[in-house]
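# Commentary on secondary and tertiary structure
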Amino acid sequence: MNFIKGMTWGWVGIRGQWATEEAKHSMKKMKERLAVNWTAIAFQGLQETAHSTEINYKDGTVVTDDEVYWAINEAKDLGLSVCLKPVVNCSDGTWRAHINFFDLDVPCEPKWSEWFESYTNFILHYAKIAEETDCEMFCVGCEMVQTDRREQEWRELIRKVREVYSGVVTYNCDKYQEGQVKWWDAVDVISSSGYYPVDSWDEHIQRIKKVVKRWGKPFFFMEAGCPSRFGSPMVPNDWNLNKGQVSEEAQDDYYKEMFSKLDNEEWFGGYMLWDWPAHLYERDQASSNDDYCMYGKKAEKTVRNYYSSK
């Protein structure tokens, strides 16, 4: 696997925000300013709560199929390899990692069997689009911590995905969970969310290296990044952190440390950094923006220089 110099684009995928001049401008700037060779086109389907069993991916705020086709084609026109990444979220704001049901089906209670039936329909819908548009990679799930233990259901889902999609299949486990997934042999590439505290890279690199060696699969970070805020380098996964001022330096230092720690690890396959929105803020607003996007910030140059060197 060639080194992935990637960026996640378009999250969360709000209907009407893709297939616009603003979105076209955003993707073009991502390619120009970061020297990326990959993008993960990421968007959501929605279930009401963590205990609901129906996933909506056709109505409301969810991007349309036409918008998904548009985003893939735009990325391809820019010469980017594409990972299509449909993600399920909860409408009530509960993080998807908490989607959970009783281990055994119980009458009158929501069931794993019902949820996986709906989730399979959701994933297969986009796997077919990924095949039709020659996406190089397809991600079957993201940070579904409580679902990870449902080994047989995941194996069956991936089997069905392979019936309609012929490219590379991955699953994006959550941070700290790389060693908990028991079905890595079913995918082609192991990926995870690399939101690790800036002072803990050595520990986690050694831990993840053992997982990669055990399964004999390529590995990359499907997500990794840090908001531009004081304090964020210690909790880079906390997008709601409110501990002070905007800090481009904090974000930049995080990237420099992460890149330096992983640069000499031969087993490490790259990044799909988090994230680049479909509608960018104005560049003169970069110094007041405290989110993950590094457009116009110091970290933008750090990412570009690093990717250009690979």
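Each remark here, short or long, concerns the structure printed above.
What comes next is a walk through the structure. (Residues numbered from 1 in each chain as written. Predicted model: local features only at pLDDT ≥ 70, side-chain atom pairs only at ≥ 80, totals over all residues. Heavy atoms only, no water.)

Attention shifts here to the side chain of Ser232. Tracing the backbone shows Ser232 in the loop between strand 7 (219-223) and helix 6 (248-262). Apart from the residues within four sequence positions on either side, Ser232 is in contact with Cys226, Pro227 and Leu241. (Helix = DSSP H or I, 4+ residues; strand = E, 2+ residues; numbered from the N terminus. Contact = heavy atoms within 4.5 Å.)

Under the defined criterion, the tally for this structure stands at 47 aromatic pairs. Measuring from ring centre to ring centre gives 6.0 Å for Trp201 and Phe221, while their planes differ by 50 degrees; the resulting arrangement is tilted. Here Trp201 is found in helix 5 (residues 201-215), whereas its partner Phe221 is found in strand 7, with 20 residues between them in sequence. For Phe221, a relative accessible area of 1% gives the class buried. On the basis of an interplanar angle of 45 degrees and a centroid distance of 6.5 Å, the ring pair of Phe259 and Tyr307 is categorised as tilted. Of the two residues, Phe259 is situated in helix 6 and Tyr307 in helix 7 (residues 298-309); the sequence distance between them amounts to 48 residues. Judged by its relative accessible area of 0%, Tyr307 is buried. Positioned over the ring face of Phe3 is Lys310, at 4.7 Å from the centre of the ring. (Phe/Tyr/Trp six-rings, centres within 6.5 Å; stacked < 30°, edge-to-face > 60°. Buried < 20%, exposed > 50% of the residue type's maximum accessible area, 1.4 Å probe, protein only. Lys NZ or Arg CZ within 6 Å of the ring centre and 35° of its normal.)

Moving on, we get to the packing of helix 2 (residues 65-77) against helix 3 (residues 112-132). Where helix 2 contacts helix 3, the two axes come as close as 11 Å, and the packing angle between them is 35 degrees. As for how helix 2 packs across helix 3, the hand of that crossing is right-handed. Mapping the contact onto sequence places Asp65, Val68, Tyr69 and Ile72 in helix 2 and His125, Tyr126, Ile129 and Glu132 in helix 3. Classifying every residue of the contact of helix 2 with helix 3 by side-chain character gives 5 nonpolar, 1 polar and 2 charged. (Axes fitted to C-alpha atoms, helices over the stretch in contact; angles between N-to-C directions. Left-handed = near helix turned anticlockwise from the far one by under 90°. Nonpolar A, V, L, I, M, F, W, Y, C, P; charged D, E, K, R; others polar.)

Here the largest pocket is characterised by a volume of approximately 810 Å³. Along its surface, the largest pocket is lined by 35 residues, and Trp11, Val12, Arg96, Trp239 and Trp274 are the ones closest to its centre. Counting residues per element, the ones that place at least two in the lining of the largest pocket are strand 2 (38-47), strand 3 (81-90) and strand 8 (268-276). A total of 3 residues in the lining of the largest pocket trace back to one element, the largest contributor, which is strand 3. Tallied by class, residues from the lining of the largest pocket come to 17 nonpolar, 10 polar and 8 charged. (1 Å grid on protein atoms, 1.4 Å probe; cavity = no way out; pocket = protein on both sides within 12 Å on 5 of 7 lines; lining within 4 Å. Points joined across faces, edges and corners; volume = space filled by probe spheres on them.)

With that settled, the discussion passes to the pattern of salt bridges. A complete count under the given rule lists 25 salt bridges for this structure. Among the salt bridges present, the one from Glu153 reaches Arg150, with a minimum N-O distance of 2.6 Å. It is possible to trace a salt-bridge network through shared partners that takes in Asp103, Arg149, Arg150 and Glu153. (Salt bridge = Lys/Arg side-chain N within 4 Å of Asp/Glu carboxyl O.)

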